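Geometric and topological summary
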Amino acid sequence: MVLEIALIDVQPGQEAAFAQAYATGHELLATTAGCRSVRMTRGVETPTRFVLLVEWDSVAAHEENFRDSDRFPRWRELIGPYFAAAPLVEHFVDVPA
């Protein structure tokens with residue numbers, strides 16, 4: 001399992017519209033093959049900052065099943081207009097305790 005973390009800064013004043021766009025597009029991510037869970041969080045100290053957390057079976061599941069599919073352009077059409085800058089997206093794996 002890998003965790004995709006996307007740090008998203010939204011244009012000031014567009015937070016509610018962005019959250020609504022995310023709610024509309026959530027299903028595009030959540031129903032993608034290889035997607036285990038999807039969660040969006042919002043900054044307390046910086047309310048224009050959101051963090052998208054997506055658990056994937058693998059990086060390939062993210063890239064091939066979502067990014068290379070027709071789902072990704074539809075997702076970006078929904079949420080992209082609210083970006084203040086391009087999101088920072090990285091993948092992470094758990095560290096054993």
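Structure shown above.
Cut-off values and rules
- Residues numbered from 1 in each chain as written.
- Predicted model: local features only at pLDDT ≥ 70, side-chain atom pairs only at ≥ 80, totals over all residues.
- Heavy atoms only, no water.
- Pairing = 2+ DSSP bridges.
- Helix = DSSP H or I, 4+ residues; strand = E, 2+ residues; numbered from the N terminus.
- Axes fitted to C-alpha atoms, helices over the stretch in contact; angles between N-to-C directions.
- Contact = heavy atoms within 4.5 Å.
- Buried < 20%, exposed > 50% of the residue type's maximum accessible area, 1.4 Å probe, protein only.
- Lys, Arg positive; Asp, Glu negative; His and termini not counted.
- Salt bridge = Lys/Arg side-chain N within 4 Å of Asp/Glu carboxyl O.
- Polar contact = N/O pair within 3.5 Å; in protein donor to acceptor, adjacent residues only side chain to side chain.
- Expected span 1.5 Å × (residues − 1).
- Bend = angle between axes of the 7 residues up to and from the residue.

**Some points on the sheet that holds strand β2 (residues 35–42)**
Pairing within the open sheet is antiparallel, and its four strands lie in the order β2-β3-β1-β4. Strands at the two margins of the open sheet, each flanked by one partner only, are β2 and β4 (88–92). The sheet shows a mean angle of 15° between the axes of neighbouring strands, taken without regard to direction. With five bridges joining them, strand β1 (residues 2–9) and β4 adopt antiparallel strand pairing. What sits directly across from Leu 7, in β4, is Leu 88. The strands touched by helix α1 (residues 15–30) are β1, β2 and β3 (49–56); relative to β2, the strand with the most contacts, the crossing angle is about 175°.

**Comments concerning the side chain of Glu 15**
Mapped onto the fold, Glu 15 is located in helix α1. An unpaired buried charge is present at Glu 15: no salt bridge exists, and Arg 42, the closest side chain of opposite charge, is 4.4 Å distant. Only 3.1 Å separates the side chain of Glu 15 from the backbone nitrogen of Gly 13, close enough to count as a polar contact. When near neighbours in sequence (up to four residues on either side) are disregarded, Glu 15 contacts Val 10, Arg 42, Pro 47, Thr 48 and Phe 50.

**Notes on α1**
Taking 1.5 Å per residue, 16 residues should reach 22 Å; α1 reaches 21 Å between its end C-alpha atoms and fits that length. Residue Thr 24 marks the point of greatest curvature in α1, where the axis turns by about 40°. Those residues of α1 that fall on the buried side of the exposure criterion are Glu 15, Phe 18, Ala 21, Tyr 22, Gly 25, Leu 28 and Leu 29. Considering only its buried residues, α1 is in contact with β1, β2, β3, α2 (59–67) and α3 (71–79).

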